[in-house]
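Architecture and fold: a report
So the chains spell out like this:
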Amino acid sequence: MTKSIALLRGVNVGGRNMLPMKSFAAALEGLGCENVRTYIQSGNAVYDGAPTSKDIAAAIKKAAGFAPPVFVLTLAALKKAAKACPFRKEAEMSGKSVHLFFLEKAPSKAGVVSLGDLKRPNEDFAVAGRVLYLYAGEGVADSKIAVKIDRVLETTTTARNWNTVMKLIELAEIK
C-alpha cells in the first residue's frame, strides 16, 4: 500500500470547522486506509492507502458536516519537498520560522513576482513546483506573504511549519 499524508486546511481554528482527530482517523479508516495516525489538532494524518482528496473531503463532510480542502501527498513527495527546502539552516535553528505551503496548483510567474513585492526585511521565500517555502524570521503571524498567498497566487494552500513536516515524515516512516 502507498504511504500517504493528508493535510487539511482550516480545521479546529478559532472554534470553526471542528473535527476531532478520532473522527478524522475513522473517516480515513472508512475509506480503507490502514495504520492511520494523526498528529496535532490541525488536521494531519499519515496512513497506508490511496484515497483521493475528494474522497477524504466527502468522508469528512459526512462525519462532521463540512468539507475542508484536503492535500494528499505520498511520503516520497513530502520527503522530496523537505529535502528541497532552501531554508534548512534557518529551519534547524527554529523550526517554527520556516513553513512549507502546499499549493493546489503551480503559481504563475506574475503571481510569484507580486508575492515578492510583499516581502518584509526579515523574510524570504522560494517556489518549487507546487511548494512555496517561507522563511519568516519574525514569525509567520507578521508575514504579509502568509496572509495574502492564496489571493496573490490564485490558488488554495495549506501550510505546515518545519517541525510539523519533520514529525509527519517520522510518523510515516514507523512500520
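Located above this text is the structure these notes cover.
The following paragraphs examine the structure supplied in this document. (Residues numbered from 1 in each chain as written. Predicted model: local features only at pLDDT ≥ 70, side-chain atom pairs only at ≥ 80, totals over all residues. Heavy atoms only, no water.)

The helix and strand tally for the protein chain stands at 7 helices and 8 strands. In terms of C-alpha radius of gyration, the protein chain reaches 16 Å, essentially the compact-globule figure of 16 Å for 175 residues. For the protein chain, the C-alpha atoms occupy an extent of roughly 45 × 30 × 30 Å along the three principal directions. Residue burial in the protein chain is summarised as follows: out of 175 residues, 43% are buried. For the protein chain, the exposed area adds up to about 9100 Å²; of that, 52% sits on carbon and sulfur atoms. (Helix = DSSP H or I, 4+ residues; strand = E, 2+ residues; numbered from the N terminus. Rg over C-alpha atoms; globule rule 2.2 N^0.38 Å. Buried < 20%, exposed > 50% of the residue type's maximum accessible area, 1.4 Å probe, protein only. Areas by Shrake-Rupley, 256 points an atom, 1.4 Å probe, with all protein chains shown as cover.)

Below, the discussion takes up the pattern of salt bridges. Evaluation of the coordinates by the stated rule reveals 5 salt bridges. In this structure, Asp 150 and Arg 9 form a salt bridge, with 2.4 Å as the shortest nitrogen-oxygen distance. Taken together, the positions of Asp 150 in helix 6 (residues 144–153) and Arg 9 in the loop between strand 1 (3–8) and helix 1 (21–30) put the pair 141 residues apart, joining distant regions of the chain. Residue Arg 9 is classed as partly exposed on the basis of its relative accessible area, which comes to 31%. (Salt bridge = Lys/Arg side-chain N within 4 Å of Asp/Glu carboxyl O.)

Moving on: the nonpolar core. In terms of nonpolar packing, the biggest core is built from 24 residues, with Ile 5, Val 98, Leu 100 and Phe 102 touching the most fellow members. Those elements that place two or more of their residues in this core are strand 1, strand 4 (70–74), helix 3 (75–83), strand 5 (98–103), strand 7 (131–136) and helix 7 (162–173). Ranked by residues supplied to this core, first place goes to helix 7 with 6 residues. If we ignore the near neighbours within four places in the chain, the residues touching Ile 5 are Ala 45, Val 46, Tyr 47, Phe 71, Val 72, Leu 73, Thr 74, Leu 75, Leu 78, Leu 168 and Ala 172. If you look at the next biggest cluster of nonpolar residues, it comprises 17 residues, including Met 21, Phe 24, Ala 45 and Phe 66. (Core = buried A, V, L, I, M, F, W, Y, C linked by side-chain atoms within 4.5 Å. Contact = heavy atoms within 4.5 Å.)

Turning to the sheet that holds strand 4, a few remarks are in order. Picture the strands of a sheet paired through backbone hydrogen bonds; they go either parallel or antiparallel. The strand order 2-3-1-4 describes an open sheet built from 4 strands, whose pairing is antiparallel. Unpaired on one side and paired on the other, strand 2 (34–39) and strand 4 mark the two borders of the sheet. The mean inter-strand angle of the sheet, taken between neighbouring strand axes irrespective of direction, is 20°. The pairing of strand 1 with strand 3 (residues 44–48) spans 5 bridges and is antiparallel. Bridge pairing in strand 3 places Ile 5 opposite Val 46. (Pairing = 2+ DSSP bridges. Axes fitted to C-alpha atoms, helices over the stretch in contact; angles between N-to-C directions.)

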